[in-house]
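Listed here are the chains, written in short residue letters.
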Amino acid sequence: MTDAPATIQKLTGWGRSSYANSRVIEAKTTEQVVEALRSPAAAPVVARGAGRSYGDAALNEGGYLIRTTGMKTVHSFDADSGEIVIDPGVTFGDLLYNYASRGWIAPVTPGTQFATLGGSVANDVHGKNHDHDGSIGDHVRWLELALPDGTLQRIDSSTTPDLFAATVGGIGLTGVITRIGLQMKRVPGAALLVRERRAANLDEYLDALQEARTRCRYSVGWIDGLSTGRALGRGILETADHIEDPRPLRRRWRAHMPIDLPELAFNSWSIGLFNRLYFQRIPARGRERRLDLAQFFYPLDAISDWNRMYGRRGFVQFQCVIPDAQARAALHQLLAAISASGLASFLAVIKTLGRAGVGFLSFPTPGITLALDFPVRNNTAALLDRLHGITTDHGGRIYLAKDSCVPAGLMPQMYPKLTQFRALLGQLDPQRRMRSDMAHRLQL
Ligand SMILES: Cc1cc2nc3c(=O)[nH]c(=O)nc-3n(C[C@H](O)[C@H](O)[C@H](O)COP(=O)(O)OP(=O)(O)OC[C@H]3O[C@@H](n4cnc5c(N)ncnc54)[C@H](O)[C@@H]3O)c2cc1C
């Protein structure tokens, strides 16, 4: 047995539709991570952060999880260069609330402040500024990695390029990240000028998005997943740029979802009504307003446990990216299939991605990304099959951070560097000590 105390816990992904019983080791220090990895009994094993991945990336049925949320030390911060050295359990919220007032923020952030930096490097996460700033891996100067046998190694893109590329976006399979050297970004204040405008249909939307991606630092859009006919793909495009604002960032009160909503509350009639009202909330001429960084980056964090609104069976998120040249045709097909299914929730987001990520399994590639939640119902799996087919037919790929059901057979065409990733894992971890339910499902 491992010396590190482990408790058996039933954990889920953020979508609450993938479950696993695992032995969980709570690591507070690098030494505890190393000790757990050196223990032959503690296998198969994988790290877990804040559990904000939607599917099975941070689950390990019958195996071990090393949870690194308790590793939260900031080791150093250089206020001139913006380089920060942190533990993997530091979250985007920790960085925002402690450093924005000093003029520095994380260069890239996902849509929740609760994700840890360790978990986010392992998914090479992107934000609403990908065209300008890339994904998190582009800003990682170096990592300290506890390898599958417990050896500590410092890695970076120039001295250990393959191990670095396998670790950034490598969903925890090269070992446990125990320290991160990250380049922060300088900002003039804790506020943004946000512009919102309606787009009447998909073509108008995509034209506006193309123009916004070069002109504005941030761009993101909501799309009405139930609209049909000439309104197919209508939505609201939001763009934003930093502005000077001396006011400090305040933490806001958060509402709480106390129960699992009944499934009946969630139907195409109620979502259709919500979508109509949400679309009309923006005046036809558009509007401009000042938002603080947390309001713009993390709107969903305003309600804790919002993932309970889909009912007890939970939900799945579908997120694909389609290369620019194929995006218009693919999005028409995807949205037509989604609206015909009647399954879409109101959480439907569209963004642009500007370049390939540094990782072998990095999700970003130049194109348009569409993300939608679907409650788990009897016809959800069939819809996802169809959406995966449209995605791969148009040269696209699915984001592993959100996934729980892509078949292993689709991986080689979605991720052409999978061969290099597998080859490196074969050398690094011949016994396959590192394992997650996702790695098992996708035969990584
Ligand atoms: C509301 C919401 C909005 C989101 N928006 C975005 C978005 O805009 N862009 C985007 O890219 N993603 C987005 N995500 C996804 C999220 O950013 C990623 O899933 C992120 O990886 C979650 O981090 P975590 O700490 O919860 O990691 P977990 O989900 O716990 O783990 C993720 C992966 O990282 C590995 N891991 C965790 N810690 C370590 C470690 N110390 N060392 C090595 N591997 C580790 C795990 O094994 C797992 O494979 C969103 C998620 C939510 C819930």
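The text that follows walks through the structure, step by step, so that each part is easy to find.

1. What about the pattern of salt bridges?
Pairing of side chains with opposite charge becomes possible as their charged atoms draw close.
Then, in step 1: Applying the stated rule across the entire model yields 25 salt bridges.
Then, in step 2: Two residues, Glu26 and Arg67, come together in a salt bridge whose shortest N-O distance is 2.6 Å. One end of the pair, Glu26, is in strand E2 (residues 19-26); the other, Arg67, is in strand E4 (residues 64-67), with 41 residues separating them in the sequence.
Then, in step 3: Here Glu196 ties to Arg289 by a salt bridge, and the two come within 3.1 Å at their closest N and O atoms. Linking Glu196 in strand E12 (residues 191-199) with Arg289 in strand E16 (residues 287-292), this pair joins segments that are 93 residues apart in sequence.
Then, in step 4: Note on Glu196: relative accessible area 2%, which makes it buried.
Then, in step 5: Connected via shared salt-bridge partners are Glu196, Arg281, Arg287 and Arg289.

2. Some details on the site of the ligand
Then, in step 1: Lining the immediate surroundings of the ligand are 37 residues, of which Ala47, Arg52, Ser53, Thr116 and Tyr399 lie closest.
Then, in step 2: In this structure, Ala47 approaches the ligand through a main-chain N or O atom, which is 2.6 Å from an oxygen atom.
Then, in step 3: Within the backbone of Gly51, an N or O atom sits 2.9 Å from an oxygen atom of the ligand.
Then, in step 4: Against a free-state accessible area of 970 Å², the protein chains account for coverage of 97% of the ligand.
Then, in step 5: Considered class by class, the residues forming the shell around the ligand number 19 nonpolar, 14 polar and four charged.

3. Observations regarding the environment of Glu144
Then, in step 1: Tracing the backbone through its elements, the reader meets Glu144 in strand E8 (residues 140-146).
Then, in step 2: Along the sequence, Glu144 and Thr178 sit 34 residues apart, while their C-alpha atoms lie 5.5 Å from each other.
Then, in step 3: Every residue in contact with Glu144, bar those within four places of it in the chain, is listed here: Thr30, Leu152, Gln153, Arg154, Val176, Ile177, Thr178 and Arg179.
Then, in step 4: One polar contact links Glu144 to Thr178, side chain to side chain, over a distance of 2.5 Å.

Scoring rules and cut-offs
- Residues numbered from 1 in each chain as written.
- Predicted model: local features only at pLDDT ≥ 70, side-chain atom pairs only at ≥ 80, totals over all residues.
- Heavy atoms only, no water.
- Salt bridge = Lys/Arg side-chain N within 4 Å of Asp/Glu carboxyl O.
- Helix = DSSP H or I, 4+ residues; strand = E, 2+ residues; numbered from the N terminus.
- Buried < 20%, exposed > 50% of the residue type's maximum accessible area, 1.4 Å probe, protein only.
- Near = heavy atom within 4 Å.
- Polar contact = N/O pair within 3.5 Å; in protein donor to acceptor, adjacent residues only side chain to side chain.
- Areas by Shrake-Rupley, 256 points an atom, 1.4 Å probe, with all protein chains shown as cover.
- Nonpolar A, V, L, I, M, F, W, Y, C, P; charged D, E, K, R; others polar.
- Contact = heavy atoms within 4.5 Å.

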